[in-house]
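Given next are the chains, with one letter for each unit.
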Amino acid sequence: RHPAAWFCRRRACAAMPAAQASGATGAMTVGWIDRDSPNLTYYHAMQREIEPLGHKLSRIFYRHPGDRPKMHEIIETSDFVVVGFSWMSGEGRTYSPLNFAEFNRVACGMRLANHSRKLANHSRARHQSGVGHTAPVDQATSDGHPAAGDQLAGSAPRPLPRQLSLTGVMSKLSLGRRLEAMRRLSRRFAPRGNSTSSTPCYCGHVPLLVVLNKEYTAMPAKFHWFKAHCVSAALTVHHNASQFEAATGVPFHRITFGVDAGTFMAPPAASPTASRGYLYDIGFTGVLRRDQTANWRSEIMRHSWPRLKASGVRFFEPGLARTIHAGVAHATLGVDRYAAGIRSCKMWLSTTGPADLVGTRYFDIMATGTTLLVCNRMNSSSSAAYSSLPTPLVHGVNAVMFSSLDEFEQLVRYYASPAAEEERLAIVRRAQIAALANYTWTEVARKVMAVGRQELERSHAPAALQSSHIDTHAETALALASTTAQVQ
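These figures come from a predicted structure and were not determined experimentally.

1. Some thoughts on the overall build of the protein
Consideration 1: The number of helices and strands found in the protein is 19 helices and 12 strands.
Consideration 2: Out of the 488 residues belonging to the protein, those deemed buried represent 53%.
Consideration 3: Residue pairs in contact within the protein that sit at least 24 positions apart in sequence constitute 75% of those at least 6 positions apart.
Consideration 4: By element, 55% of the accessible surface of the protein is carried by carbon and sulfur atoms, the whole surface being about 21400 Å².

Now the structure itself:
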């Protein structure tokens, strides 16, 4: 049977074509599992755009084990599942990493192996007693010889082997038979009522996508989490996606942060012209942390800001008074005031964060259509942070960049002058075109859905079973499950 039949049986859609039932074409249902946290703005922004794209979003906040039955219901009625913030190490002080038992490779393998062992012991006892033993014609034992059902009528049944050779099983069974065995057996572990003692295994049934967060903390532990779970694909805003894939064996796809264009884009009446007046020349809001690229923000605040102010450059003063913080903090300006503040400046400073991450502020500035993005230039080892974006950031094209404090100060003075206004506005217009085409939250959500569809289609294709991220633990468990299922 086509693997999609599992979905149809669970969702009462057996009469529908497999591709339609699984969401391989048209609308899909996404199960999104969050842990309740105040730091979910990034995830909420993506989630808000899923249903406007024509898909269905089923969401749950996982708080305690009592939420698991509801979580299972969402997983079983979704085409793919997404988890993100606070599931892994380094996600927040109040959270410890979660073992996602429903997708844990070893846990699923142990459940299948234990169940398979019980089946083998039961079958062996029945076989040795000669009571009610009938072997199907297509069975084969782990050593490859014909099973008892293939012997001549009247001959004594051949004893079952006391130990199953996993090496022999691995060499003889096809990958397709292993996955089908897991699909059959894991249905025996579905929870009943409010019981949480029997945890279902969704490895091989429902694709699991993980949105990696904070790519600058506890990365070895996060990589271990990926290896321990049946992750179909991962999404990251970091430019080292290929390195993460090599470290985990999980396909990684780069996405970006996004922007709510309706909030940041200047209204038509305020569209930029050479004669348009600005309240300020440059502004900045954000946090100052030593692990940000070259600690540029702190250096600029300490050295360049006083010199520029002394030369008559106009600063966005509310930002200096209330929204520049040392350490990790949230801005105190409301989003509307923040957007209006950016649009009131000719330029706005933004630098890459920890691990050279290109943050949301880059795209907020670019979307305005009024304000020039001033950012740090990347060195050769980190150039992919800009060059691998859907529309690469290029100095003088859609941003202006600096490599020293002197260069930063020269850029600010130059683009604050009336003589550079037409040049500045040309860069601003190109930046806005790039932001609206590639960096809205709608486009980010579209990429998430495209990856989900790709993994859903892959999960329905036999060739998918040859994926490099099916590890030895899962292979061994599936082989054992397939063999003992035949013995039954």
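2. Thoughts on the nonpolar core
Consideration 1: Ranked by size, the top nonpolar core spans 53 residues in total, and within it Trp 32, Tyr 42, Met 46, Phe 363 and Met 366 carry the most contacts.
Consideration 2: Sorting elements by how many residues they give to this core places helix α18 (residues 441-459) first, with 7 residues.
Consideration 3: Here Phe 363 is in contact with Thr 256, Phe 257, Gly 258, Val 259, Val 358, Leu 389, Ala 435 and Tyr 439, once residues within four sequence places are set aside.

3. Considering unusual backbone geometry
Consideration 1: Look at Lys 214: it is not a glycine, yet its phi comes out positive at around 50°.
Consideration 2: Tracing the backbone shows Lys 214 in the loop between β4 (208-211) and α8 (219-228).
Consideration 3: What makes Lys 214 partly exposed here is its relative accessible area of 26%.
Consideration 4: Despite not being glycine, Asp 356 has its phi angle at roughly 60°, a positive value.
Consideration 5: Relative to the helices and strands, Asp 356 resides in the loop between β10 (345-349) and α14 (360-368).
Consideration 6: Looking at Asp 356, the relative accessible area reads 17%, which means it is buried.

4. Focus: the pattern of salt bridges
Consideration 1: What the rule picks out here adds up to 12 salt bridges.
Consideration 2: Of the charged contacts in the structure, one is a salt bridge between Lys 70 and Glu 73, with a shortest N-O distance of 4.0 Å. With Lys 70 and Glu 73 both in helix α4 (residues 68-76) and 3 residues apart, this pair spans about one turn of that helix.
Consideration 3: The class for Glu 73 is partly exposed, based on a relative accessible area of 46%.

5. A few points about the sheet that holds strand β7 (residues 280-283)
Consideration 1: Spatially, 4 strands are ordered β7-β10-β11-β12 in an open sheet, and the strand pairing comes out parallel. Where the open sheet ends on each side, the last strands, each with one partner, are β7 and β12 (400-402). Across the sheet, the axes of successive neighbouring strands diverge by a mean angle of 20°, strand direction being ignored.
Consideration 2: Summarising the sheet, strand β11 (residues 372-376) and β12 pair through 3 bridges and their orientation is parallel. Within β12, the position partnered with Asn 376 by the bridge is Phe 402.
Consideration 3: Each of β7, β10, β11 and β12 is contacted by helix α11 (residues 296-310), which is oriented at about 130° to β10, the strand it contacts most.

6. Observations regarding α8
Consideration 1: If you check which residues of α8 are buried, you get Met 219, Lys 222, Phe 223, Trp 225 and Phe 226. Angularly, the buried residues of α8 cover 155° about the axis, an arc narrow enough to put them on a single face. Away from the buried face of α8 by more than 90 degrees, exposed residues Pro 220 and His 224 are located.
Consideration 2: Taken together, the buried residues of α8 touch β3 (80-83), β4, β5 (233-236), α9 (241-248) and β6 (252-254).

7. Some details on the sheet that holds β3
Think of a sheet as strands paired side by side through backbone hydrogen bonds, with each pair either parallel or antiparallel.
Consideration 1: One open sheet accounts for 6 strands, arranged β2-β1-β3-β4-β5-β6; its pairing is parallel. Of all the strands in the sheet, the pair left with one neighbour each is β2 (56-61) and β6. Between one strand axis and the next, the sheet turns through 25° on average, direction left out of account.
Consideration 2: By the bridge criterion, 4 bridges tie strand β1 (residues 29-34) to β3 in an arrangement that is parallel.

8. Regarding the pairing of β4
Consideration 1: The side-chain alternation of β4 yields two buried faces, one formed by Leu 208 and Val 210 and the other by Leu 209 and Val 211.
Consideration 2: Pairing analysis gives 3 bridges linking β3 to β4, with the strands arranged parallel. Note on β4: the bridge partner recorded for Val 81 is Leu 208.
Consideration 3: Across 3 bridges, β4 lies against β5 in parallel orientation. Bridging across to β5, Val 211 finds its partner in Leu 235.
Consideration 4: Between β4 and its parallel partner β5, the chain crosses via α8, and the hand of that crossover is right-handed.

9. Topic: the packing of helix α3 (residues 41-48) against α18
Two packed helices can be described by the angle between their axes and the distance between those axes.
Consideration 1: Contact pair α3 / α18: the axes reach a minimum separation of 8 Å and the direction vectors enclose 80°. Between α3 and α18, the crossing angle belongs to the class labelled roughly perpendicular. Contacts from Tyr 42, Ala 45 and Met 46 in α3 reach Trp 441, Val 444, Ala 445 and Val 448 in α18.

10. Considerations on the packing of aromatic side chains
Consideration 1: Scanning the entire structure with this criterion turns up 16 aromatic pairs.
Consideration 2: With 4.4 Å between their ring centres and 25° between their planes, Phe 363 and Tyr 439 make a pair best called stacked. With Phe 363 in helix α14 and Tyr 439 in the loop between α17 (421-438) and α18, this pair connects stretches of sequence that are 76 residues apart.
Consideration 3: The class for Tyr 439 is buried, based on a relative accessible area of 0%.

11. Notes on the state of the cysteines
A covalent bond between the sulfur atoms of two cysteines is what we call a disulfide.
Consideration 1: In this structure the tally under the stated criterion is 1 disulfide.
Consideration 2: For Cys 203, the disulfide goes to Cys 230, at an S-S distance of 2.1 Å. Handedness here is read from the sign of the S-S torsion; for Cys 203 and Cys 230, about 95°, the answer is right-handed. On the criterion of sequence distance, the pair formed by Cys 203 in the loop between α7 (175-186) and β4 and Cys 230 in the loop between α8 and β5 is long-range, its members being 27 residues apart. The pair formed by Cys 203 and Cys 230 is uniform in burial state, with each residue classed as buried.

Conventions adopted
Sequence order as written defines the numbering, with residues in each chain counted from 1. Side-chain atom pairs in this predicted model are given and counted only at pLDDT of 80 or more, local residue features only at pLDDT of at least 70, and totals for whole chains, interfaces and linings cover all residues. With hydrogens and water set aside, each side-chain value is computed from the structure's full complement of heavy atoms. A helix here means a DSSP run of H or I that spans at least four residues, while a strand means a run of E at least two residues long, and both kinds are numbered starting from the N terminus. To sort residues, take the accessible area from a 1.4 Å probe on protein chains only and compare it with the maximum for the residue type: under 20% means buried, over 50% means exposed, and anything in between is partly exposed. We call two residues contacting when some pair of their heavy atoms lies within 4.5 Å. Computed with a 1.4 Å probe, the accessible areas rest on the Shrake-Rupley method; for each residue, only the protein chains presented here act as cover. Only buried Ala, Val, Leu, Ile, Met, Phe, Trp, Tyr and Cys residues count toward a nonpolar core, and they belong to the same one when joined by side-chain atoms within 4.5 Å. When a carboxyl oxygen of Asp or Glu is within 4 Å of a side-chain nitrogen of Lys or Arg, the pair counts as a salt bridge. Being paired, for any two strands, means DSSP has found at least two bridges between them. Here an axis means a line fitted to C-alpha atoms, over the contact stretch when the element is a helix, while the angle between two N-to-C directions is reported on a 0 to 180 degree scale. Comment: arc refers to directions from the helix axis out to C-beta atoms. When the strands point away from the viewer, a crossover counts as right-handed if the route from the first strand across the helix to the second turns clockwise. Here the angle decides the label: under 35 degrees means roughly parallel, over 145 means roughly antiparallel, 65 to 115 means roughly perpendicular, and every other value means oblique. Any pair of Phe, Tyr and Trp rings, taking the six-membered ring for Trp, is counted once the centres come within 6.5 Å. Such a pair is stacked with planes under 30 degrees apart, edge-to-face with planes over 60 apart, and tilted for the rest. Here, the term disulfide refers to a pair of cysteine sulfur atoms separated by no more than 2.5 Å.

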